[in-house]
Amino acid sequence: MNPGAVYTLERGAEVLGTLTVTDAGMFAVDATFDPAPAFDPYRVLFDEDARHAHLLVHDDDPALLEQAGAIQESLLALNLVLRGDGNTGYRTFLISIEGGSASFRPLTPEEEPL
């Protein structure tokens, strides 16, 4: 994945925002995030996800870990799509959005036709 690659974050026919890749590491892809108005209803869920991620860095409380897992399940249940060029992208991925930054980790090794 190349820096500068652009993906749209979609839920059904809604475009929630645009991610522009800034770095592709071994475990995650970092990107800038430009939200669309359709992102607003989901912002609270992503903010909770980011808050729990920060808390878990300093606290390994099993209850906190369980809450973070439930938030991730809620994000996965949204059935989001990352669409790249040529109508390819990812249907299964983990994503974190915090302000104007995002990171994602595809759960499949290669982009797939969407």
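So, a few notes on the structure that sits alongside this text. Residues take numbers from 1 onward in each chain, read along the sequence in its written order. Confidence filtering applies because this is a predicted model: local features only for residues at pLDDT of at least 70, side-chain atom pairs given and counted only at 80 or more, and all residues used for totals across whole chains, interfaces and linings. Computation of side-chain values covers all heavy atoms of the structure but excludes hydrogens and water.

Looking at the sheet that holds strand β3 (residues 29–35)
Note the following rule: What makes two strands pair is DSSP finding at least two bridges between them. Working definition: helices are DSSP H or I runs of at least four residues, strands are E runs of at least two. Numbering for both runs from the N terminus.
Spatial strand order, β6-β7-β3-β2-β1-β4-β5-β8: eight strands in an open sheet with antiparallel pairing. In this open sheet, the two edge strands, each paired with only one partner strand, are β6 (93–98) and β8 (112–113). Relative to strand β4 (residues 81–83), strand β1 (residues 6–11) is paired through three bridges, and the arrangement is antiparallel. From the neighbouring strand, T8 faces β4, where its bridge partner is R83.

Describing the packing of aromatic side chains
Here is the rule we go by: Pairing of aromatic rings covers Phe, Tyr and Trp, the last through its six-membered ring, and needs centres within 6.5 Å; plane angles under 30 degrees mean stacked, over 60 mean edge-to-face, and all others mean tilted. Any residue under 20% of the maximum accessible area for its type is buried, any over 50% is exposed, and the rest in between are partly exposed; the area is computed with a 1.4 Å probe on protein chains only.
Enumeration over the complete set of coordinates arrives at five aromatic pairs. Note on F33 and F39: the rings are 5.0 Å apart at their centroids and 65° apart in plane angle, and the pair reads as edge-to-face. Comparing F33 with F39 shows no difference in burial state: the two are buried. Residue F39 is classed as buried on the basis of its relative accessible area of 2%.

Comments concerning the layout of surface pockets
Just so we agree on the cut-off: Here a cavity is any set of points on a 1 Å grid over the protein atoms alone where a 1.4 Å probe fits but cannot get out, and a pocket is any open set with protein on both sides within 12 Å along at least 5 of 7 lines; a residue lines the site when it has an atom within 4 Å of a point. Grid points are joined across faces, edges and corners, and a volume is the space filled by probe spheres set on the points. Residue polarity follows a fixed list, in which Ala, Val, Leu, Ile, Met, Phe, Trp, Tyr, Cys and Pro are nonpolar, Asp, Glu, Lys and Arg are charged, and the others, Gly among them, are polar.
Its volume calculated, the largest pocket comes out at about 160 Å³. Around the largest pocket, the lining residues are M1, A24, G25, M26, F27, A28, V29, Y90, R105, P106, T108 and P109. Classifying every residue of the lining of the largest pocket by side-chain character gives nine nonpolar, two polar and one charged.

A look at the nonpolar core
Note the threshold: For the purposes of this section, nonpolar cores are sets of buried Ala, Val, Leu, Ile, Met, Phe, Trp, Tyr and Cys residues that join through side-chain atoms within 4.5 Å. Note on definitions: a residue-residue contact is assigned when non-hydrogen atoms from the two residues lie within 4.5 Å.
Grouped together as the largest cluster of nonpolar side chains are 21 residues, with contacts concentrated most on L9, L19, F46, L82, I95, I97 and F104. The set of elements that each furnish at least two residues to this core consists of β1, β2 (14–24), β3, α1 (40–58), β6 and β7 (101–106). Beyond its immediate chain neighbours, meaning those up to four positions away, F104 contacts M1, Y7, L19, A28, V29, L82, Y90, L94 and I95.

Topic: helix α2 (residues 62–77)
Definition in use: To estimate how far a helix should reach, multiply one less than its number of residues by 1.5 Å. Regarding the arc, it is the one traced by the directions from the helix axis to the C-beta atoms.
For α2, with 16 residues, the first-to-last C-alpha span of 22 Å sits near the 22 Å given by 1.5 Å per residue. Three or more residues of α2 are buried, namely L64, A68, I71 and L75. Angularly, the buried residues of α2 cover 55° about the axis, an arc narrow enough to put them on a single face. Among the exposed residues of α2, those pointing more than 90 degrees away from its buried face are P62, E66, E73 and A77. Buried residues in α2 make contact with α1 and β6.

Re the pattern of salt bridges
Test applied: Counted as salt bridges are all cases of a side-chain nitrogen of Lys or Arg within 4 Å of a carboxyl oxygen of Asp or Glu.
Considering all chains together, one arrives at four salt bridges under this definition. When the shortest N-O distance is used, the salt bridge between E10 and R83 registers 2.9 Å. Residue E10 is located in strand β1, and its partner R83 is located in strand β4; the two are separated by 73 residues in the primary sequence. Using a relative accessible area of 24% as the deciding quantity, one classes R83 as partly exposed. A salt bridge links D40 to R43; the nearest nitrogen and oxygen atoms lie 3.2 Å apart. With a gap of three residues between them, D40 and R43 both fall in helix α1, about one helical turn apart. The partly exposed category is assigned to D40, whose relative accessible area is 45%.

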